[in-house]
Amino acid sequence: MRRALPRFWLAVRNREVEPVWRGAHKWSVPSSSLARKPSLTMAQWTHMSQMLPHLTNETINNLYPPTAFPIEVRHFLAQWIEGQRWDDFALENVEQKNQAQALLDQTISMLQSIAQQTTNVVDKMKLMQFSKNMNIFQAQPLQFGVMVRDILNQERGLLDTSAQPQFQPFPNIESSFPNMQDLDCLVLKVLEVQNIRQKMHQMQEELNWERQNYESLQGAIQPNGLDPTLSESQKLQNHIQQLEYNVQAMAKKRFQLLKECVDCLDQCQTRLIGSLKAWRWGQHKATIGLPFDDNLNTLQTWCEQLLGVNGKLRQELVLLGEPMPELQERLGKLLQVLIQSSLLVDKQPPQVIKTQSKFSTTVRYLLGEKVAPGKPVLLKAQIINEIQARNLGGVPSDNVGELINNTAILEHNTSSKSTCATFRNMSIKKIKRADRKGSESVTEEKFALLFSTEITITGCDTPYRIQMISLPVVVIVHGSQDNNALATIIWDCAFSEPDRVPFLVPERVPWRMMYSTLNSKFTSEVMTEHNLDQYNQHFLAQKIFDKPDFSDDFSNILVSWAQFNKEVLPGRPFTFWQWFEGVMELTKKHLKEYWSEGLIFGFIGKQHLHLILKDRPNGTFLLRFSDSEIGGITIAYVSASENGGQKIQNIQPFTKRDLEIRCLGDRIRDISHITYLYPDFPKHDVFKKYFTEPQPSPVGGYIPVTLLTKVGTEANSDSLPATLLPGSPHSVGGFSGTDDDMDLEQILQTFST
């Protein structure tokens, strides 16, 4: 049974109540222990909060005892808790009592302070109750320290064993390797088989010699039986019998060891094939930003060593002198599987390919050093559709597309010890599409590249036909299709199952899997370690499900492909993915450092925006991604209303083009309406390093020109010539909380001497 998160916890996720720390934002809690750098992050708790929906009620209650240390305490004090030394606490260390007492008192004090800042009466009462419950540890503060120590250790254990299970159906590549002991054992067994064969050969030679001696002695024995050679003959006969017994025993042992060697080889190769699949699976998942080690050298070494063992065992069977069809057949099948499984697409082609455009890809053969010398190995590539991918077994006869420069020679690189075929200037000249079903778009149709060749391995009599297909690709004919095609690839890479029927994917997936995908893709594209947090997650869920008022947990609600990138968002001309991808591109190109420093609030809804800004002083602002425009960031700020109250306004979003003209830091400096980054950071302190230094005066006596950002009524200033305005000034009234971005931003040219 999954945990149904309590209403208080959901309020936390919806930002009705804030944790003590969030990114660069520090709450004013009266405790000297909180005077830490705002750039610190709640690393462990961030990962734990993503895991909570996957844990049972019993597990969570055991981890966070409701009466002693409830989950809400862990959340609100997350970074402070992780910044203290808990590992040293032990009940027998009485000298640590004062240290534990100090931490207990600080915990109680911080909970009371947060309760005072909370406007929700129910939440305020709960927080005060939590602080009172902590007093049970006053008599034994060391018990409190040990309890927190154990909670943190249990969290680490859960994270170590269960991190992102939906993305790891295959074992880790390194952990699935046949370990060195496995291979050493196999090699030793093969050596033992070879030693026994050599000893048997020596024994057989000795036996042949002794038999010849025995026959000579038999002819020399006199009829009366008194000849002294009689006793020698008897001894020789006994020795011959012993040799015959030893040869038979060693032959039996040799047979048993051969069988054990084949069994061990089978097990090692099975694990190796699993590692090859895991490598391909990791390569597949790298598309959505998951970490992936593309080094194939270890896998190549294992392939070569297992091939060598297979060859030695086949040689031993030949030298055995008697047929062993069962073992010969097993070794033949293992050899075929190994040879055919050692072809990999080392560098995948682009997964979105535009016709008539060049692209490259590299195929690597892990047994390249064992390829028989002579005629060069030529690999051929052809494009196949989904039906053909499901029925591989030979070369498809029906061409669904025309590839240019679709052949490459397998070449060995002595420095890297790799054998690769690189297709450098491949291009799809034309493509034949299948009949589409219903509303299916051309950007939803998946193809793949099939690489095939015939190869002969040294020591093998017959050539082998080998082939490998690439990851799915979507073929487009115009750049405008790129975004939708990428959505198809993202869905495929994120939610496909290992060993699936090509290229089946589920039509719906739980939101928790979708969010993990969005987070991985976002952080990898932006190249940042600053993840989307649970508040971003909740807003994104509200947006994709069109449930702006939903405050419960979205984790297990199913999101469909249509909601992701087929149906436009309500009241918008674009889909969820098109909007999200626009934000991602803007952040990657212009906002990476701002985001990584925690200066951008990011994904936040209007209701939540009003909730956290409504009691803030005039001039308080935050940065949020535009809800109405693809690839825009806007500034929401508190200003005075006409009746003397307050209103919240949103400046017209800055797009990629705007930020290319003037960076975000300079624009924030220009706008006089905004003074403090939420909750209370002076903007000149926070954004100072992003301000552009004044440019020196141009040579030749020219008057320097400076671009400034003006907002609303600022653009009506009489001190500036109206003729210099790029358009007539525009002023908009207060923000009601239901409309979208309302202030029109104006760029002015200000001349100074």
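Counting starts from 1 at the beginning of each chain's written sequence and moves along it residue by residue. Per-residue local features are limited, in this predicted model, to residues with pLDDT of at least 70; the limit for side-chain atom pairs, both in listing and counting, is 80 or more; totals at the level of whole chains, interfaces and linings are taken over all residues. To get the side-chain values, take all heavy atoms of the structure and skip hydrogens and water.

K.L.:
In this structure, what is going on with the pairing of strand β6 (residues 378-385)? I would like to understand it.
P.N.:
One face of the sheet, then the other: side chains in a regular strand alternate in exactly this way. Within β6, 6 of the 8 residues are buried, which leaves the element mostly enclosed by the surrounding structure. A pair of strands is treated as paired once DSSP finds two or more bridges between them. Under the DSSP-based scheme used, a helix requires at least four consecutive residues in state H or I and a strand at least two consecutive residues in state E, with every element numbered from the N terminus. With 3 bridges connecting them, β6 and strand β8 (residues 407-409) associate as antiparallel partners. Each residue of the ladder has a partner; that of leucine 379, found in β8, is alanine 408. With 6 bridges joining them, β6 and strand β11 (residues 447-455) adopt antiparallel strand pairing. Among the inter-strand pairings, lysine 380 is bridged to a residue of β11, identified as serine 452. Exposure is judged per residue with a 1.4 Å probe applied to protein chains only, and the accessible area is read against the type maximum: over 50% gives exposed, under 20% gives buried, and values in between give partly exposed.

K.L.:
Honestly, the sheet that holds β11 in this entry has me stumped. Any pointers?
P.N.:
For sheets, the rule is that strands pair by backbone hydrogen bonds, running either parallel or antiparallel. As summarised here, the arrangement of the 4 strands in space is β8-β6-β11-β12, forming an open sheet in which the pairing is antiparallel. Bordering the open sheet on either side are β8 and β12 (464-469), each of which pairs with just one other strand. Across the sheet, the axes of successive neighbouring strands diverge by a mean angle of 25 degrees, strand direction being ignored. Note on contacts: a residue pair is in contact if any heavy atoms of the two residues lie within 4.5 Å. Here an angle of 0 to 180 degrees is reported between the N-to-C directions of two axes, which are lines fitted to C-alpha atoms, with helices fitted over the stretch in contact. Its contacts with the sheet put helix α13 (residues 325-341) on β11 and β12, and the angle it makes with β12 is roughly 45 degrees.

K.L.:
Is there a simple way to explain the confidence of the model for the chain in this structure?
P.N.:
Segments scoring low in pLDDT should not have their predicted coordinates read at a detailed level. Looking at any residue, its pLDDT shows the predictor's confidence there, from 0 to 100. For the chain, per-residue confidence averages 81 on the pLDDT scale, and 83% of positions sit at 70 or higher. Here residues 1-42 is a poorly scored stretch, pLDDT under 50, and it has 135 contacts once near neighbours within four places are set aside; other chains count.

K.L.:
Explanation requested: the packing of aromatic side chains in the structure shown.
P.N.:
Within a pair of aromatic rings, the relevant descriptors are the distance that separates the centres and the angle that separates the planes. Between rings of Phe, Tyr and Trp, where Trp is taken as its six-membered ring, a pair exists when centres lie within 6.5 Å; planes separated by under 30 degrees are stacked, by over 60 edge-to-face, and by other angles tilted. By the definition in use, this model includes 32 aromatic pairs. Taking the centre distance of 5.2 Å and the plane angle of 65 degrees together, the rings of phenylalanine 522 and tryptophan 595 count as edge-to-face. In this pair, phenylalanine 522 is assigned in helix α16 (residues 511-526) and tryptophan 595 in helix α19 (residues 576-596), connecting sequence segments 73 residues apart. Take phenylalanine 522 and tryptophan 595: they sit in the same class, and that class is buried. Ring centres of phenylalanine 545 and phenylalanine 554 lie 5.5 Å apart, and the angle between their planes is 5 degrees; this geometry places the pair in the stacked category. Here phenylalanine 545 and phenylalanine 554 have matching classes, each one buried. Across from the ring centre of tryptophan 579, 4.5 Å away, lies the NZ or CZ of lysine 543, which sits over that ring. Throughout this description, the term charge over a ring refers to an Arg CZ or Lys NZ atom that lies within 6 Å of the ring centre and within 35 degrees of the ring normal. Geometry around phenylalanine 550 places lysine 547 over its ring, the cationic atom sitting 5.2 Å from the centre.

K.L.:
Honestly, the pattern of salt bridges in this entry has me stumped. Any pointers?
P.N.:
As a working rule, side chains carrying opposite charge can pair if their charged atoms are close by. Any carboxyl oxygen of Asp or Glu that lies within 4 Å of a side-chain nitrogen of Lys or Arg is treated as forming a salt bridge with it. Counting across every chain of the model gives 33 salt bridges. The residue arginine 149 makes a salt bridge to aspartate 150 at a minimum N-O spacing of 2.9 Å. Among the salt bridges present, the one from lysine 277 reaches aspartate 499, with a minimum N-O distance of 3.9 Å. With lysine 277 in helix α11 (residues 229-285) and aspartate 499 in the loop between α15 (482-495) and β14 (508-510), this pair connects stretches of sequence that are 222 residues apart. The structure contains a network of salt bridges with shared partners spanning Lys521, Glu525, Glu585, Lys588 and Lys589.

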